[in-house]
Each structure stands twice: as structure tokens, then as C-alpha cells.
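Analysis of the macromolecular model
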Amino acid sequence: MEMSVFLQSVIDADDMPVVICDTNHTIIYMNPTAVERYARRGGAELVGKSLLDCHNAESNIMIEKVVDWFGRSRDNNKVYTFHNKENHDIYMIALRDDTGKLIGYYEKHELRTPETETRYNMD
């Protein structure tokens, strides 16, 4: 099986939204959680469209600045962008090819509420 199948499976299994864009800000993939989260804005229909069309002018300026920063160094790979009302910290993460060239970025949510589930609960 191709590695891409495994990678897509990892992204799709994430219970936080993942929106992947190329360096032109075109949305190239949304995991099922992202499709559901952004259903009011078009859901799966957003794939192929510009991420910049989903944000206000101020946000677009910051997105452009972050992508420019990503492009300046292979070491520039993660930027905290904000904390939302759902207790998620939101980051922009650089995506690079095997040479280190910037090929895109994605939005990553990290939940800050401690887990309450019992460890290894498989019931």
C-alpha cells in the first residue's frame, strides 16, 4: 500500500479539523472533521478554492506574513495564531518536500482541555 494512503488515514482520523493548503493558499485537502466544522462556509466545496476567501483582510495579511516567514528558513515551521472559544490553540504548520522546500501549510488545532477518559478504556 502507498504511504499516501497511510498519511491520509492519519489526517482523517484526527478529531480536530485539518485544512491543507499549497503555497498559493489553495485548499487542497480537508479532513472529515474540517469538512463538518466548515459546513456553513461550504464544507467540501472549499477544496480547490483560496483559503484567503475564507478570512478577513487582517487575517489574510497575517497568513501571507506567516507563509513568507516559512519560506525564509527550513527551521521556520510552526506559528501559534490564536486561542479560540472552544479551548483550542490554533497553529499554522509548514509543509515541506524531501529537499526542505516549502510546498504548503496546514492549520492545526490542539485541544487544551485535559482528557477525562479513563486510560486505555476499550469498552
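See the structure above.
One structure accompanies this document, and this report is about it. Since the structure is predicted, the reported quantities are computational estimates derived from the model, not experimental observations.

This brings us to the pattern of salt bridges. By the definition in use, this model includes 5 salt bridges. Where Lys78 meets Glu110, a salt bridge forms, and the shortest distance between an N and an O atom there is 3.7 Å. Residue Lys78 is located in strand β3 (residues 78-83), and its partner Glu110 is located in strand β5 (residues 102-111); the two are separated by 32 residues in the primary sequence. Using a relative accessible area of 44% as the deciding quantity, one classes Lys78 as partly exposed.

This part covers the sheet that holds strand β2 (residues 27-30). Sheet architecture is open: 5 strands sit in the order β2-β1-β5-β4-β3, paired in antiparallel fashion. At either margin of the open sheet sits one strand with a lone partner, and together these are β2 and β3. When the angles between neighbouring strand axes are averaged without regard to direction, this sheet yields 20 degrees. Here β3 pairs with strand β4 (residues 88-96) via 5 bridges, running antiparallel. Within the sheet, the bridge partner assigned to Phe82 lies in β4 and is Ile90. Packing of helix α3 (residues 57-72) onto the sheet brings it into contact with β3, β4 and β5, and relative to β4 it is tilted by some 45 degrees.

Criteria and cut-off values
Counting from 1, residues in each chain are numbered in the order their sequence is written. Totals for whole chains, interfaces and linings use all residues, but because this is a predicted model, local features are given only for residues with pLDDT of at least 70 and pairs of side-chain atoms are given and counted only at 80 or more. Side-chain metrics in this entry use all non-hydrogen atoms of the structure; hydrogen atoms and water are not considered. Definition used for salt bridges: Asp or Glu carboxyl oxygen within 4 Å of a side-chain nitrogen of Lys or Arg. By the criteria applied, helices consist of DSSP H or I runs no shorter than four residues and strands consist of E runs no shorter than two, each listed in order from the N terminus. Exposure is judged per residue with a 1.4 Å probe applied to protein chains only, and the accessible area is read against the type maximum: over 50% gives exposed, under 20% gives buried, and values in between give partly exposed. Strands are labelled as partners when DSSP assigns at least two bridges between them. Whenever a helix is involved, its axis is fitted only over the stretch in contact; in every case the axis is a line through C-alpha atoms, and angles between N-to-C directions fall within 0 to 180 degrees. In this description, contact between two residues means that some pair of their heavy atoms is separated by no more than 4.5 Å.

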